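Listed below, chain by chain, are the residues.
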Amino acid sequence: MKILGIETSTFSGSVSISDDDTILCEYVFNTGPRHNEVLIPTVGRLLSDCGLAKNDLEAVCVSVGPGSFTSLRIGVSTAKALCYSLGSDLAGVPSLEILASNALWCGDGVCAMTDAGREEVFVSFYDPGSAEMTPAEITTPESVCAKVSKKTVFVGSGALLHTNLIQDFLGDKAVFLPANLNNPRASVCTFLGRKKILSGQKDDPFTLTPFYLRRSAAER
């Protein structure tokens, strides 16, 4: 199954193409809030470099949030349009689950945390015992630390931004990853989305919506 992955929940976006569980190609564009300018051209280049046409895509997997309002809308709407026009399967994948996957090899609990602005973070915890993620929420870094009682790996832009605060609160219980592992990746999105599709949990291009957790500035 040839799958296009789209990840635009943060300012560091990425796209990838996988064939079943093999990554054929992945491009990262760390261009800030310019996903509307770079996403479609990058997808076109990705297909060209893999020797594929749009009609070769059997599925599209997209990161659905929480994250940046504009960036998520661009990614999700692009995925929906492609699936509608091509008749491909669609799977939306939680952004924090994609991010947490960067740290599952550690064997400890994982706190996936991205910057939500206004001194808040989007956060979800992975429990290695149950192999499940807690529901995503928006809260303060201090509140996140108050929930940690054992060794935990912190990953994401929120972890990078609040490293000193987390270390002051938790000391040796807090573990951090190298900077290059703190962004959610489209290639991981394809693997998680493929599992959804194969288990019969594909999404409808007409009804899939981004998961924001917070109202936009215009709505407020």
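Relevant structure appears above.
Okay, so let's go over this structure.

For the chain, the helix and strand inventory stands at seven helices and 11 strands. For 220 residues, the compact-globule estimate of 2.2 N^0.38 gives 17 Å, and the chain sits close to it at 17 Å. With the principal axes as the frame, the chain shows a C-alpha extent of 50 × 40 × 30 Å. Restricting to contacts in the chain with at least 6 residues of sequence separation, those with at least 24 account for 62%. When the accessible surface of the chain is summed, it comes to about 10,200 Å², and 51% of that surface belongs to carbon and sulfur atoms. Looking at charge distribution, the chain has the averaged site of its 19 positive side-chain charges lying 3 Å from that of its 24 negative ones.

Mapping Ser88 onto the fold places it in the loop between helix H2 (69-86) and strand S5 (89-93). Since its relative accessible area comes to 9%, Ser88 is described here as buried. Contact partners of Ser88, with chain neighbours within four places excluded, come to Leu57, Glu58, Ala59 and Cys83.

Moving on, we get to the pairing of strand S10 (residues 152-155). Burial along S10 is two-sided: Thr152 and Phe154 and Val153 and Val155, pointing in opposite directions, are all buried. Of the strand pairs in this sheet, S10 and strand S11 (residues 174-176) are connected by three bridges, and their pairing is parallel. Each bridged residue has a counterpart across the sheet, and for Phe154 the counterpart in S11 is Phe176.

Our focus in this paragraph is helix H7 (residues 186-198). The terminal C-alpha atoms of H7 lie 18 Å apart, and with 13 residues this matches the ideal 18 Å at 1.5 Å per residue to within 8%. Buried within H7 we find Ala186, Ser187, Val188, Cys189, Thr190, Leu192, Gly193 and Ile197. Buried residues along H7 sit against strand S1 (2-7), strand S2 (12-19), strand S3 (22-30), strand S4 (59-63), S5 and helix H3 (95-100). Just beyond H7, the residue with positive phi is Gly200, at close to 80°.

Parameters and conventions
- Residues numbered from 1 in each chain as written.
- Predicted model: local features only at pLDDT ≥ 70, side-chain atom pairs only at ≥ 80, totals over all residues.
- Heavy atoms only, no water.
- Helix = DSSP H or I, 4+ residues; strand = E, 2+ residues; numbered from the N terminus.
- Rg over C-alpha atoms; globule rule 2.2 N^0.38 Å.
- Contact = heavy atoms within 4.5 Å.
- Areas by Shrake-Rupley, 256 points an atom, 1.4 Å probe, with all protein chains shown as cover.
- Lys, Arg positive; Asp, Glu negative; His and termini not counted.
- Charge placed at Lys NZ, Arg CZ, Asp CG, Glu CD.
- Buried < 20%, exposed > 50% of the residue type's maximum accessible area, 1.4 Å probe, protein only.
- Pairing = 2+ DSSP bridges.
- Expected span 1.5 Å × (residues − 1).

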